[in-house]
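# Commentary on secondary and tertiary structure
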Amino acid sequence: MAKTLFRFNTRQLSASVQRELLAQPFRVRRAMDAVGGFLNSEAKDLAPVDEGFLTAEISNDTVRHRKSCAAVIYVPANAASSEYAIPMHEGVYDLGPKSLDKQTKVGKPVGKKFITRALDGHRDDIVGIIKSEVKI
């Protein structure tokens, strides 16, 4: 089964922000670390739960590219939940009682697309984190 990869592409930002990001590599790294931490927390809130492995194993890392950095949210391949992480993210299923309890506690819709919803639902917050960290 092919691995599914989700990225936040900094090219979506304005040209002036891109120029600033390239001129300040340490601030960029710090900004992507902050974005990754934020998205990690959001994805954990949105992830369905049965035994808790998936929620606990959602991770983040900042990956350095030649001219940019990327915040990467993932479930490690050697994690206990790695075999069902993609089906839980992409599939159609009924939430169990523990997921419904979690949804009530966190006040957010738990279920499929937990990583992409964390990203799509917070684009303005992500841009705000980047602006704050880079001090544009």
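Preceding this paragraph is the structure being described.
Described in the following lines is the structure provided in the data block. (Residues numbered from 1 in each chain as written. Predicted model: local features only at pLDDT ≥ 70, side-chain atom pairs only at ≥ 80, totals over all residues. Heavy atoms only, no water.)

## Observations concerning the pattern of salt bridges
Enumeration according to the criterion identifies 6 salt bridges in this entry. Here Asp120 and Arg123 are joined by a salt bridge, their closest N and O atoms 2.9 Å apart. Arg123 sits in the partly exposed class, given a relative accessible area of 32%. Here the residues in one salt-bridge network are Glu42, Asp45 and Lys108, joined through shared partners. (Salt bridge = Lys/Arg side-chain N within 4 Å of Asp/Glu carboxyl O. Buried < 20%, exposed > 50% of the residue type's maximum accessible area, 1.4 Å probe, protein only.)

## Considering the nonpolar core
Core analysis: the largest hydrophobic core is formed by 24 residues, its most contacted members being Val35, Leu39, Ile58, Phe114 and Ile130. Taken together, the elements giving at least two residues each to this core come down to helix 2 (25-46), strand 2 (69-74), helix 6 (114-120) and helix 7 (123-134). (Core = buried A, V, L, I, M, F, W, Y, C linked by side-chain atoms within 4.5 Å. Helix = DSSP H or I, 4+ residues; strand = E, 2+ residues; numbered from the N terminus.)

## Observations concerning the side chain of Lys102
As for its position among the elements, Lys102 is in helix 5 (residues 97-106). It turns out Lys102 is buried and unbridged, and the closest side chain with the opposite charge, Asp45, is 5.9 Å from it. A polar contact is formed between the side chain of Lys102 and the backbone oxygen of Lys44, at a distance of 2.5 Å. The residues touching Lys102, leaving out its near neighbours within four places in the chain, are Lys44, Asp45, Ala47, Val49, Thr55 and Val110. (Lys, Arg positive; Asp, Glu negative; His and termini not counted. Polar contact = N/O pair within 3.5 Å; in protein donor to acceptor, adjacent residues only side chain to side chain. Contact = heavy atoms within 4.5 Å.)

## Some words on the pairing of strand 2
The two faces of a sheet get side chains in turn, since along a regular strand they alternate between them. With respect to burial, strand 2 is a largely interior element, 5 of its 6 residues being buried. Relative to strand 2, strand 1 (residues 59-64) runs antiparallel, the two sharing 6 bridges. Bridge assignment links Ser59 to a residue of strand 2, and that residue is Tyr74. With antiparallel pairing between neighbouring strands as the criterion, strand 1 and strand 2 make up a hairpin whose turn holds 4 residues. (Pairing = 2+ DSSP bridges.)

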